[in-house]
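# Structural description and commentary
Okay, here's what each chain looks like letter by letter:
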Protein chains: 2
Amino acid sequence: MQQGSPLILIVEDEQPIRRFLRASLTSEGYRLNEAASGEEALRVAASYPPDLVLLDLGLPDIDGQEVLSRLREWLTAPIIVLTARDQEQQKITALDAGADDYVTKPFATGELLARMRTALRHAQHLAAESPTVRVGDLRFDLPARLVFKRDTQIHLTPLEYKLLATMLKHSGKVLTHRFLLREVWGPEDSQETHYLRVFVASLRRKLEDDPARPRYILTEPGVGYRFAAE
Amino acid sequence: MQQGSPLILIVEDEQPIRRFLRASLTSEGYRLNEAASGEEALRVAASYPPDLVLLDLGLPDIDGQEVLSRLREWLTAPIIVLTARDQEQQKITALDAGADDYVTKPFATGELLARMRTALRHAQHLAAESPTVRVGDLRFDLPARLVFKRDTQIHLTPLEYKLLATMLKHSGKVLTHRFLLREVWGPEDSQETHYLRVFVASLRRKLEDDPARPRYILTEPGVGYRFAAE
DNA sequence: GGCCGGCATCAAGATTTCGTCAAGACGCCA
DNA sequence: TGGCGTCTTGACGAAATCTTGATGCCGGCC
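Note that the coordinates shown come from a computational prediction; the quantities given were computed from them, not determined experimentally. (Residues numbered from 1 in each chain as written. Chains lettered and ligands numbered in written order. Predicted model: local features only at pLDDT ≥ 70, side-chain atom pairs only at ≥ 80, totals over all residues. Heavy atoms only, no water.)

## A closer look at the sheet that holds strand 9 (residues 152-154) of chain B
Residues and elements named next belong to chain B.
- One open sheet holds the 4 strands; their spatial order is 6-7-8-9, and the pairing between them is antiparallel. Each edge of the open sheet carries a strand with a single partner, namely strand 6 (132-135) and strand 9. Across the sheet, the axes of successive neighbouring strands diverge by a mean angle of 30 degrees, strand direction being ignored.
- Strand direction decides the pairing type here: strand 6 and strand 7 (residues 138-141), joined by 4 bridges, are antiparallel. In the strand pairing of strand 7, arginine 134 is matched with arginine 139.
- Here helix 6 (residues 158-169) sits on the sheet in contact with strand 6, strand 7 and strand 8 (146-149), set at roughly 80 degrees to strand 8. (Pairing = 2+ DSSP bridges. Helix = DSSP H or I, 4+ residues; strand = E, 2+ residues; numbered from the N terminus. Axes fitted to C-alpha atoms, helices over the stretch in contact; angles between N-to-C directions. Contact = heavy atoms within 4.5 Å.)

Now the structure itself:
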C-alpha cells in the first residue's frame, strides 16, 4: 500500500462486470489493475503486487483455481473470489486453496465493499510484528518459538522450552513439582522431581545473570517453582 | 536497452520496405539491426538481443511463424508482426505463438511508431519489477519460481522449491517437522521426517556456502527447521 | 555437633534425532 | 523402450538431547 490507497487487482473476463467494478471501486478511492485472463492476472500481479485481488473463478484460459494457487505461492494479500450462485463446491475448494473470502454473483456493491474492507483490515493486522512477551531483559516470541536475552537469541532444547513455556504461561503463580512434571513430561513421570532440578538448573544457566541467585525462575521450597511475574 | 535507446530488429525481405523502416526508425532515435531472412534473424537476434522485433511474416526461407516461435523460446522482448491485409488467419496464429501486436501492410508510420512505443513501455513494466525477496546473497523471484545465488540461477527440483518456498513464507519462525511435511508432502506423509532431512540436505548443498554450517536453513533440534529471517 | 531431607550442580552413559551417501523405484519424454 | 531427472528408501556415523547417578551445599532438628 505504498501510495496511500490500496491497489486492487480485478481478474474478470466479462467486460460489463469489469466496467461495473471499475466504477464502484474507483469511486471508493481504490487504485485498480485489471486482467481479463488467468495468464494476464499472473503477469500483472507479478509486476504490480496488489493489496487485494478480486478473482472471478470462471475464466476463459486457465482454471480460476489454478490462478488462485499460483498466486498463493507468493502473494500474501487477501484474495476474494467471485463465484456463481450455484457453484457451491467451487467456493469450498477455493477457500481451501487459500482464498480469504467469496462473494456470489450477482452481488450488491455494498456487500462487496464491506468484505473488501474487512479483508484489508485483517491483512494489515497480519503484517504487524508477531506479539512478544517481555519480562526483565528477556523477550519471548512465542509464535516463532524464540527466546532472547538482551537481544541475543538463546538456544533452548525442546524440553527446556516446554518447561519454560509452561512456567511463563502461569507466570507469577506457584507451580507444584507434580504439575510441572505432568505438563512437560506427562503423567508417567510426575514423580521424577529430579528431572525438574536438572532442567531448571540449565534454564537458569541460560537465562539468569547469576544462576545462584535467580531472578526469573524462583524456587518455592518444598512446593515447586515460580516464574517471576514482573 | 543498455545503451539508452532501444535496439530494434527488423526482419523483412523486401528491400524497399526495409529502407523505409530504417529511415523512419533511425529518425526516431532507435538503434537498428536488420535481417532479410529467417535464418539471419535468428542469428542476429542471438548475437544482439533486441528490445523489440518487427517481423514480416512473409519470408523467403523459413516460415515466419517458425521464426516467431523459435524467437519466443528465449526472447521476452515484444514482437510486432507485419502482415498483409488479407492474411487474417495468420495474425491469429501469430498472436497465439507469442506475438505482442500486429500491423497490417501497408501501414502508416504514425501507427507503427505508436504501437512500438506501447509495446516497449509494456515490456519495460514487465521486466521492471517482479517482486523479489532478498536474503543474504540469495534472491527469490516467487512469481516466476526462480532462485538466484549471487545472480546465478539455482536449479531446484519441484519438491525442493516447494519446501524452500514454504520456509521462506514463514521465515524467521520455527517450523515443525509436521508442519513442513503437511505443507509440502500433504497430510499423508506428515510422519516421514526422513524426507525432510534428505531435502534440507540437498537445499543446503545448493544454497549454502558451507552446508555443514548453514546460514539460511537452520536446524532446531528436536523441533524442526527455521529459515533465517535477516 | 551430627544427621537428614530438599535442593543444586556436574558429568557420564543411553537414547533419540540429524546429516549424508547411495542404491533402488518411479514417472516422463523422446 | 531406454535414458534421464526426480523422489523414495535404507544404512550408518555424528551430534544433540535426555536420563541417571554421584556429590556437595544448606538449614532445621535431634
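Alright, that's what it looks like, and here's the rest.
## Considerations on the interface of chain A and chain B
- Every contact between the two is made by 16 residues of chain A and, on the other side, 17 residues of chain B.
- Here chain A packs against chain B, burying approximately 1,600 Å² in sum over the two surfaces, 55% of which is carbon and sulfur.
- Among the residues of chain A in contact with chain B, Ser47(A), Glu73(A) and Trp74(A) are the three that bury the most area, contributing 28% of the side total.
- Linking Arg145(B) and Glu73(A) is a salt bridge whose minimum nitrogen-to-oxygen distance equals 2.7 Å.
- Elements supplying a minimum of two residues to the side of chain A that touches chain B: helix 2 (38-47) and helix 3 (64-72) of chain A.
- For the side of chain A that touches chain B, the element with the highest residue contribution is helix 2 of chain A, accounting for 3 residues.
- Here the side of chain A that touches chain B is composed, by residue class, of 8 nonpolar, 3 polar and 5 charged. (Buried area = accessible area lost by both parts, 1.4 Å probe. Salt bridge = Lys/Arg side-chain N within 4 Å of Asp/Glu carboxyl O. Nonpolar A, V, L, I, M, F, W, Y, C, P; charged D, E, K, R; others polar.)

## Regarding the protein's contact with DNA strand D
- In the region of DNA strand D, 19 residues are neighbours, and Thr157(A), Tyr195(A), His155(B), Thr157(B) and Tyr195(B) sit closest.
- When the atoms of DNA strand D within 4 Å of the protein are grouped by moiety, sugar and phosphate amount to 69% of the total.
- At 2.7 Å from a phosphate oxygen of DNA strand D is found a side-chain nitrogen or oxygen belonging to Thr157(A).
- At 3.0 Å from a phosphate oxygen of DNA strand D is found a main-chain nitrogen or oxygen belonging to Leu159(B).
- Mapped onto the surface near DNA strand D, the elements with two or more residues apiece are helix 6 (158-169) and helix 8 (193-207) of chain A together with helix 6 and helix 8 (193-207) of chain B. (Near = heavy atom within 4 Å. Polar contact = N/O pair within 3.5 Å; in protein donor to acceptor, adjacent residues only side chain to side chain.)

## Some words on unusual backbone geometry
- Following Lys105(A), the chain continues into Pro106(A) via a peptide bond in cis, with omega recorded as -5 degrees.
- With respect to the helices and strands, Pro106(A) occurs in the loop between strand 5 (101-105) and helix 5 (109-127).
- For Asp151(A), which is not glycine, the phi dihedral falls at a positive 70 degrees.
- Inspection of the secondary structure puts Asp151(A) in the loop between strand 8 (146-149) and strand 9 (152-154).
- A positive phi angle, near 45 degrees, is found at Arg150(B), a position not held by glycine.
- Position of Arg150(B) relative to the elements: it lies in the loop between strand 8 and strand 9.

## A word on the pairing of strand 11 (residues 217-220) of chain B
Residues and elements named next belong to chain B.
- Where strand 11 meets strand 12 (residues 224-227), 4 bridges bridge the pair, whose relative direction is antiparallel. Paired with threonine 219 across the bridge in strand 12 is tyrosine 225.
- Joining the antiparallel neighbours strand 11 and strand 12 is a turn of 3 residues, in which glycine 222 adopts a positive phi near 80 degrees.

## Focus on the packing of aromatic side chains
- Considering all chains together, one arrives at 10 aromatic pairs over all chains under this definition.
- Relative to Phe107(A), the ring of Phe20(A) lies with its centre 6.3 Å away and its plane at 40 degrees, an arrangement referred to as tilted. In this pair, Phe20(A) sits in helix 1 (residues 15-27) while Phe107(A) sits in the loop between strand 5 and helix 5, placing the two residues 87 residues apart along the sequence.
- Between Trp185(B) and Tyr195(B), the ring centres sit 5.5 Å apart and the planes meet at 40 degrees, which makes this aromatic pair tilted. Of the two residues, Trp185(B) is situated in helix 7 (residues 177-185) and Tyr195(B) in helix 8; the sequence distance between them amounts to 10 residues.
- Trp185(B) gets classed as buried once you look at its relative accessible area, which sits at 16%.
- With relative accessibility at 30%, the residue Tyr195(B) sits in the partly exposed group.
- Taken together, the ring pairs in this structure connect Phe140(A), Tyr216(A) and Phe227(A) into an aromatic cluster.
- Over the ring of Phe148(A) we find Arg139(A), and its NZ or CZ is 4.2 Å from the ring centre. (Phe/Tyr/Trp six-rings, centres within 6.5 Å; stacked < 30°, edge-to-face > 60°. Buried < 20%, exposed > 50% of the residue type's maximum accessible area, 1.4 Å probe, protein only. Lys NZ or Arg CZ within 6 Å of the ring centre and 35° of its normal.)

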